[in-house]
Structures are given as structure tokens and as C-alpha cells.
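Architecture at a glance
Next come the chains, spelled out residue by residue.
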Amino acid sequence: MKILVLAGSPHKSGASNMLAHEFICGARDKGHNVAVLDVAHMKLGYCSGCDECKKNGECVQKDDSAVVREEMLSADAVVFVTPVYYFGMSAQLKTAIDRFHGYGKELKNKGMKSAIIAAAADKEEEVVSALKAHYAKICSYLNFEIVGEVYGLGCAAPETTRNSPYMKDAYELGNSL
């Protein structure tokens, strides 16, 4: 299976990317092909809602969204990786997802598998409730099958994440696909 990881953290060595690394190790140990796009550091403009993409299939913005599109359309599964910022995903990941607008119909028809990996500083489950609902709605809309979720509560920094049970959870999620 080809799995695409969309890494949405501005912190390359942060907690959510640590969890993603464990997921990737688990998936590769299972024999999956894993591609990673660091969407937080790619050149991605905001969707302007111009709908030009609906006319000819291409976005008028000439940025890295074309790379995301190509990888998404060739993948069997996508894993969204994000820190939890103000009860939701990072703006960087949301920007990449918003750009799905131009090829949403193609994504819906693929019936992809999907998972989410998020790291939150707060230890209370409530901090991820809005993110969970948003993620579920995105998957429902795009006809993605949710195959796993790891919400690393209390993972404020690499030091706290490294010794958390979420590292094992992320590895096992990757290895279970």
C-alpha cells in the first residue's frame, strides 16, 4: 500500500513529527511504501475560492499544491499529522487540505484510507474534541475510511512525547495497516 503522510507541524523536530516518525517506522516494517510531504514547509497559497480549478482541473496558483495533488491521487492512504493549535489542526495542514477543493471529486471516488496523528500539550481529552469532529467530517465528505487515530495528550514537547505511550500507539497504527 502507498501511504502519504502530510506533516503539518512548523516544528520539524516537534512532538507531532516524532509520533509521525514512529508511525512511518511501523508502516515500513509492515512493508508499506510511505511518502512524506512536509506541507508546513512547502510553498502553499490559501485557496481563494475562485473555482478556476473546476473549469480545467488545475489551480491558477503555481505553487507546491500540484505536488500534493499528484501524491494524494497516487496514494492508497493518507495520514494527517498536526500539533493541536487552539483546539484544531495547524494552519499549515488546513491550507493543504483546503486546496483539495480542486480535485475533491477525484479523491471521493478513490475511497482512500485515512488516519490522523496529533500532539497536544494539554492532557485533557476535551482539547481534541473539535479536531476529532473536524477530521471525521473531512473524511466523511471525501469518502475516506478512518483506519486509526492517535491523539497524543500531554505531548507538549519532544521530551514528554518520547516517554509517552503514544509513541507505541503511533508505531502500532502504522504496523496495523
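Keep in mind that what you see is a predicted model, and the values were worked out from it rather than measured.

What counts and how
Residues numbered from 1 in each chain as written. Predicted model: local features only at pLDDT ≥ 70, side-chain atom pairs only at ≥ 80, totals over all residues. Heavy atoms only, no water. Axes fitted to C-alpha atoms, helices over the stretch in contact; angles between N-to-C directions. Helix = DSSP H or I, 4+ residues; strand = E, 2+ residues; numbered from the N terminus. Left-handed = near helix turned anticlockwise from the far one by under 90°. Contact = heavy atoms within 4.5 Å. Buried < 20%, exposed > 50% of the residue type's maximum accessible area, 1.4 Å probe, protein only. Pairing = 2+ DSSP bridges. Salt bridge = Lys/Arg side-chain N within 4 Å of Asp/Glu carboxyl O.

It is worth spelling out the packing of helix 1 (residues 15-29) against helix 8 (residues 166-176) at this point. When two helices pack together, their arrangement is given by the angle between the helix axes and by the axis-to-axis distance. Between helix 1 and helix 8, the least distance of the axes is 6 Å, while the angle of their chain directions is 35°. When you trace helix 1 past helix 8, the crossing you get is right-handed. Facing helix 1, whose interface residues are Met18, Leu19, Glu22, Phe23, Cys25, Gly26, Ala27 and Asp29, helix 8 presents Tyr166, Met167, Ala170, Tyr171, Leu173, Gly174 and Asn175.

Moving on, we get to the pairing of strand 3 (residues 77-83). Counting buried positions over the seven residues of strand 3 gives seven, a clear majority of the element. On strand 3, burial covers both faces: Ala77, Val79, Val81 and Pro83 on one face and Val78, Phe80 and Thr82 on the other are all buried. Here five bridges tie strand 1 (residues 2-7) to strand 3, and the two strands are oriented parallel to one another. Residue pairing across strands places Leu4 opposite Val78, the latter belonging to strand 3.

Turning to the pattern of salt bridges, a few remarks are in order. Applying the stated rule across the entire model yields nine salt bridges. The salt bridge involving Lys2 is made with Glu71; its shortest N-O contact spans 2.8 Å. Of this pair, Lys2 sits in strand 1 while Glu71 sits in helix 3 (residues 65-74), and the two are 69 residues apart along the sequence. Like Lys2, the residue Glu71 is buried in the burial classification. Among the ionic pairs, Lys12 bridges to Asp38, the shortest N-O distance being 3.7 Å. Note that Lys12 is positioned in the loop between strand 1 and helix 1 and Asp38 in the loop between strand 2 (33-37) and helix 2 (52-56), a separation of 26 residues in sequence.

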